[in-house]
Amino acid sequence: MTITSVFVLFSITWFMVLFLALQINIKTQADFGEVVAGTHASAPENFDLKKRLWITTGISIPLCAMIVTTLVSGWVTLDMFSFFSVIEN
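**Looking at the layout of surface pockets**
Volume-wise, the largest pocket comes out at about 290 Å³. Forming the walls of the largest pocket are 13 residues, and the residues nearest its centre are A21, I24, N25, R52 and I55. Of all the secondary-structure elements, those providing two or more residues to the lining of the largest pocket are α1 (3-21) and α3 (49-73). Ranked by the residues each element gives to the lining of the largest pocket, the list is headed by α3, at five residues. In terms of residue class, the lining of the largest pocket is built from six nonpolar, three polar and four charged.

What follows is the structure, encoded as structure tokens:
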């Protein structure tokens, strides 16, 4: 596995974790009962993006390390999957 492959894998993992982290523990303006004029009631009230980015990075690094370790060690190989069995049947 080349360094480029690891970087691409990390990027994909990081963005997947980010999209999950953006949805967790959001408090909207409707929850607080104070909707600012010109905004939707579902707009977030308190949103700390920097904190979420650090949490995303902290989760993504060990997760990506586990995936790379699994692939490099040979525990999972492409030979274990039958990609063309659907076509043959």
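Past the structure itself, the notes keep going.
**Re α1**
Counted at 1.5 Å a residue, the expected span for α1 with its 19 residues is 27 Å, and the 26 Å between its end C-alpha atoms agrees. Listed in full, the buried residues belonging to α1 are L9, T13, W14, V17, L18 and A21. Projected onto a plane normal to the axis of α1, the buried residues spread over an arc of 165° and lie on a single side. Away from the buried face of α1 by more than 90 degrees, exposed residues T4, M16 and F19 are located. On its buried side, α1 packs onto α3.

**Side note on the packing of α1 against α3**
Between α1 and α3, the shortest axis-to-axis distance is 8 Å and the interhelical angle comes to 135°. As summarised for this structure, α1 and α3 are arranged oblique, according to the angle between their axes. Judged by the twist between their axes, the crossing of α1 over α3 is right-handed. Across the interface between the two elements, V6, L9, F10, T13, W14, V17, L18 and A21 of α1 pack against R52, L53, T56, T57, I59, S60, I61, L63, C64, I67 and V68 of α3. Partitioned by chemical class, the residues of the contact of α1 with α3 number 14 nonpolar, four polar and one charged.

**Let's talk about the packing of aromatic side chains**
In the structure shown here, the tally under the stated rule is two aromatic pairs. Taking 5.0 Å as the distance between ring centres and 90° as the angle between the ring planes, the aromatic pair formed by W14 and F15 counts as edge-to-face. With a relative accessible area of 42%, F15 lands in the partly exposed category. With a centroid separation of 6.3 Å and 40° between ring planes, the pair formed by F15 and F19 is classed as tilted. A residue pair is termed a helical-turn pair when its members lie 3 or 4 positions apart in one helix, as F15 and F19 do in helix α1 at four residues. Following the ring pairs from residue to residue traces out a cluster consisting of W14, F15 and F19.

What counts, and at which threshold
- Residues numbered from 1 in each chain as written.
- Predicted model: local features only at pLDDT ≥ 70, side-chain atom pairs only at ≥ 80, totals over all residues.
- Heavy atoms only, no water.
- 1 Å grid on protein atoms, 1.4 Å probe; cavity = no way out; pocket = protein on both sides within 12 Å on 5 of 7 lines; lining within 4 Å.
- Points joined across faces, edges and corners; volume = space filled by probe spheres on them.
- Helix = DSSP H or I, 4+ residues; strand = E, 2+ residues; numbered from the N terminus.
- Nonpolar A, V, L, I, M, F, W, Y, C, P; charged D, E, K, R; others polar.
- Expected span 1.5 Å × (residues − 1).
- Buried < 20%, exposed > 50% of the residue type's maximum accessible area, 1.4 Å probe, protein only.
- Arc of directions from axis to C-beta.
- Contact = heavy atoms within 4.5 Å.
- Axes fitted to C-alpha atoms, helices over the stretch in contact; angles between N-to-C directions.
- Parallel < 35°, antiparallel > 145°, perpendicular 65-115°, else oblique.
- Left-handed = near helix turned anticlockwise from the far one by under 90°.
- Phe/Tyr/Trp six-rings, centres within 6.5 Å; stacked < 30°, edge-to-face > 60°.

Read these as spatial facts, not as claims about activity.
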